[in-house]
Amino acid sequence: MIPVLICPVINRFDLLERMLPSVASSVEQIVIVDNSITGYQAPPEIERVAYIRPPLQGLGYGGGINAGIIQTSEAPWWAWSNADIVFGPDDPAEIERQMSQPGPRVMTFGFAWGALNREAIDRVGLIDDWTYHPIYFDDNDYQRRCELGGVEWVGYQGGIRHGEKGAGTDGSVTIGEERFKKANHVSFPINEQRYVEKWGGMPGSERFTTPWDTGYPLWYTKPDIDGKRDRRW
């Protein structure tokens, strides 16, 4: 069984209701992070569901994953998923098999789906939702830290499908909505610049081996209240 599945969602709850049945029977606890702050309720046939609803502003993608982890701190490992994912019938068992292996590990399919264990968090910390908000470059940052921290990074697709049609990668369903597309035009370049500042270059061209070239641990980040305000979706 997958101990915890965290689902940060800001729109397209119809796709969430398509995704959940593809994996719910193999999950001990589902945590839905409702970044739309609408009070969504999963269908009654989906069991063992908990909700996180920030009262005023969404937590973002990485922040939603972090919140789900913090609220289920007894778990040995955690998975997360976009709403626009569909799991194949053999995927939950294979995910469990691989995540049961010893050592720090992250599995992911382009960060649209992923899993990480306690050992990975011990090495490199949680997702940096201060530097990158509400989404984008948080995945590059986590991979960079895992590579530097000796955390195994496993790319896994299996039978998983991503996109509105569930048949491939159709691009982001979230930013296909006009209001989020406009917001992303603001937040994306800010996150990009923050990545360059933190690691000394774009993904693949980094110069720093510690955050902001400070010598501080890989889990170190800088609180950025104004930045979260400026990148709010």
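Shown above is the structure to which this text applies.
Just so it is clear, the model here is predicted, and its values are computed rather than measured.

Before going further, it helps to spend a moment on the packing of aromatic side chains. Counting across every chain of the model gives 12 aromatic pairs. Judged by centre distance (4.7 Å) and plane angle (80°), the rings of Tyr-216 and Tyr-220 are edge-to-face. Residue class for Tyr-216 comes out partly exposed when judged on its relative accessible area of 43%. Judged by its relative accessible area of 22%, Tyr-220 falls in the partly exposed class. Members of the aromatic cluster, joined through ring pairs, are Tyr-132, Tyr-136, Phe-137, Phe-188 and Tyr-195. Across the ring face of Trp-130, the terminal group of Lys-228 is positioned such that the distance to the ring centre comes to 4.8 Å.

Counting 33 residues, the largest nonpolar core has Cys-7, Leu-16, Met-19, Leu-20 and Trp-113 as its most contacted members. Elements supplying a minimum of two residues to this core: strand E1 (2-9), helix H1 (13-19), strand E2 (27-34), strand E4 (77-81), helix H3 (91-99), strand E6 (105-109) and strand E7 (113-117). The residues touching Leu-20, leaving out its near neighbours within four places in the chain, are Cys-7, Ile-30, Ile-32, Ala-42 and Ile-46. Ranked by size, the runner-up nonpolar core spans 29 residues in total, among them Val-33, Ala-75, Phe-137 and Cys-146.

With an omega of -5°, the peptide bond running from His-133 to Pro-134 counts as cis. When you line up the elements, Pro-134 lands in the loop between helix H4 (118-124) and helix H5 (138-149). Phi at Arg-48 takes a positive value of approximately 60°, unusual for a residue other than glycine. Relative to the helices and strands, Arg-48 resides in the loop between E2 and strand E3 (49-52). In this model, Phe-111 sits at a positive phi of 65°, which is unusual for a non-glycine residue. Its place among the elements puts Phe-111 in the loop between E6 and E7.

What counts, and where the lines are drawn
- Residues numbered from 1 in each chain as written.
- Predicted model: local features only at pLDDT ≥ 70, side-chain atom pairs only at ≥ 80, totals over all residues.
- Heavy atoms only, no water.
- Phe/Tyr/Trp six-rings, centres within 6.5 Å; stacked < 30°, edge-to-face > 60°.
- Buried < 20%, exposed > 50% of the residue type's maximum accessible area, 1.4 Å probe, protein only.
- Lys NZ or Arg CZ within 6 Å of the ring centre and 35° of its normal.
- Core = buried A, V, L, I, M, F, W, Y, C linked by side-chain atoms within 4.5 Å.
- Helix = DSSP H or I, 4+ residues; strand = E, 2+ residues; numbered from the N terminus.
- Contact = heavy atoms within 4.5 Å.

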